[in-house]
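Descriptive analysis of the structure
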Amino acid sequence: MTAPQTQTGFEITLNGKPLHTRANALQALLIEQGYALQGAFACAVNNSFVPRPQWPTQTLQAHDRVDVITPIAGG
Amino acid sequence: MNATTDTGIAHGQPWQVAGVTLKSRFFLGTSHYPSPQTLSDAVAASGTQVLTVGMRRLQPESGGGNSFWQRISALGCHILPNTAGCHSAQEAITLAQMAREIFGTQWIKLEVIGDDYTLQPDTHATLAAATELARDGFAVFAYTTDDLVIAKRLHDAGCAAVMPWAAPIGTGRGPLNPYALETMRKSLPDAVLVVDAGLGRPSHAAQVMELGFDAVLLNTAVAQAGDPVRMARAFADGVAGGRAAYESTPMPERAAAQASTSTVGMPFWHAP
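The rules behind these values
- Residues numbered from 1 in each chain as written.
- Chains lettered and ligands numbered in written order.
- Predicted model: local features only at pLDDT ≥ 70, side-chain atom pairs only at ≥ 80, totals over all residues.
- Heavy atoms only, no water.
- UniProt positions renumbered as here; feature names shortened; annotations may be inferred.
- Helix = DSSP H or I, 4+ residues; strand = E, 2+ residues; numbered from the N terminus.
- Buried < 20%, exposed > 50% of the residue type's maximum accessible area, 1.4 Å probe, protein only.
- Contact = heavy atoms within 4.5 Å.
- Buried area = accessible area lost by both parts, 1.4 Å probe.
- Salt bridge = Lys/Arg side-chain N within 4 Å of Asp/Glu carboxyl O.
- Polar contact = N/O pair within 3.5 Å; in protein donor to acceptor, adjacent residues only side chain to side chain.
- Nonpolar A, V, L, I, M, F, W, Y, C, P; charged D, E, K, R; others polar.
- Pairing = 2+ DSSP bridges.

**Details of the UniProt feature "binding site: 1-deoxy-D-xylulose 5-phosphate" (unreviewed entry) in chain B**
- In the numbering used here, UniProt assigns the feature "binding site: 1-deoxy-D-xylulose 5-phosphate" (unreviewed entry) to B:Gly170, B:Ala197, B:Gly198, B:Asn219 and B:Thr220. Taken along the chain, the residues just named run across 51 residues; in space they keep tight, none of their C-alpha pairs more than 9.4 Å apart.
- Mapped onto the elements of the fold, B:Ala197 is located in the loop between strand 13 (194–196) and helix 7 (202–210).
- Overall, the relative accessible area of 8% leaves B:Ala197 in the buried class.
- Once residues lying within four places of it in the same chain are set aside, the contact partners of B:Ala197 are B:Tyr143, B:Trp165, B:Ala166, B:Ala167, B:Ile169 and B:Leu217.
- Along the chain, the position of B:Asn219 falls in the loop between strand 14 (215–218) and helix 8 (220–223).
- Relative accessible area serves as the criterion here: at 9%, B:Asn219 is assigned to the buried category.
- In this view, B:Asn219 contacts A:Gly74, A:Gly75, B:Gly29, B:Thr30, B:Ser31 and B:Tyr33; residues no more than four positions away in its chain are not counted.

See below:
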């Protein structure tokens, strides 16, 4: 799959860490960063949940904060 | 008639929470076990039908998070994802929405921490989040203190279960305020009440079950026991014993001693 990309890219935060990306949509970012899309995880942008069907169309902008969450052990 | 699983645990009458019927009244956490196999064995020994799980950030190089989830899925229990670590209503709501997608369940164990030292919940934020999540169709299992009024508010907000602590998370100190727990049980007879956090020994679990709580939820007391598998079974028996005692109506306490053996026909005794 070809990920939509900008020419020069921009700065975002991924899981709390600064990141320079050229992906201008959430799914493109996930692919760019090497996430297996079928994995057991969910995403939020700027602390708002983004349902999986919306990943391809969820646009990203500079300074966006992206979180990718997965199950762990818990009490 | 008691339902008995293949583990031999006398669960008592089945009960209902959040639209499902359960035999076990013992919810178990999945953290801090010495090994994945010990976790699986402890789950089997406990007879639990509900497991709690957490959620954290996933780095792409860590493999997709599927190994843990596959192991937990294979245990065949209902999954109760938690919002542990959240410090605001909005964080908890967002994490609950993410959990619903990952786990395919409306169940959410709502935790909003208000104090990092005691891990005491922020009950105001918990109520705000619970209200919104319940409106959105979630079955909210709300972790709270033993405060009666906030428990009433959470119940009125539509929570599937209200879950007061016995003591701060991970302390194992047992019920610090049994009076408050007993008062909550008597004041909310129609609510599903689950004691969550602070239990350290099976006798603690039996104690709160004798008060009429519907279930207990714990993790550390099993996971960090010297023998987690045997302790899981010990807790299961404590929970079942406490529930059986509650259903059997314990005798009232008396101020004065009363002989168990009749004095009628006692030899060597003659009226003066």
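**Section: the interface of chain A and chain B**
- If you look at the interface, chain A gives 28 residues, while chain B gives 30 residues.
- Regarding the contact of chain A and chain B, the summed buried area is about 2300 Å², with carbon and sulfur atoms giving 61% of it.
- Counting across the chain A and chain B interface gives one salt bridge.
- Here B:Arg57 ties to A:Asp67 by a salt bridge, and the two come within 2.7 Å at their closest N and O atoms.
- Seen at the junction of chain A and chain B, the total is 13 residue pairs in polar contact (both at pLDDT 80 or more).
- The dominant element in the side of chain A that touches chain B, judged by the number of residues it contributes, is strand 5 (residues 65–73) of chain A, at seven residues.
- Among the residues making up the side of chain A that touches chain B, the classes are represented as 16 nonpolar, ten polar and two charged.
- Looking at chain direction, strand 5 of chain A and strand 6 (residues 50–57) of chain B are connected through five bridges and run antiparallel. By the bridge assignment, A:Ala73 is partnered in strand 6 of chain B with B:Val53.

**Describing unusual backbone geometry**
- At A:Asn46, a residue that is not glycine, the phi angle is positive and equals roughly 55°.
- By the secondary structure assignment, A:Asn46 is in the loop between strand 3 (42–45) and strand 4 (48–50).

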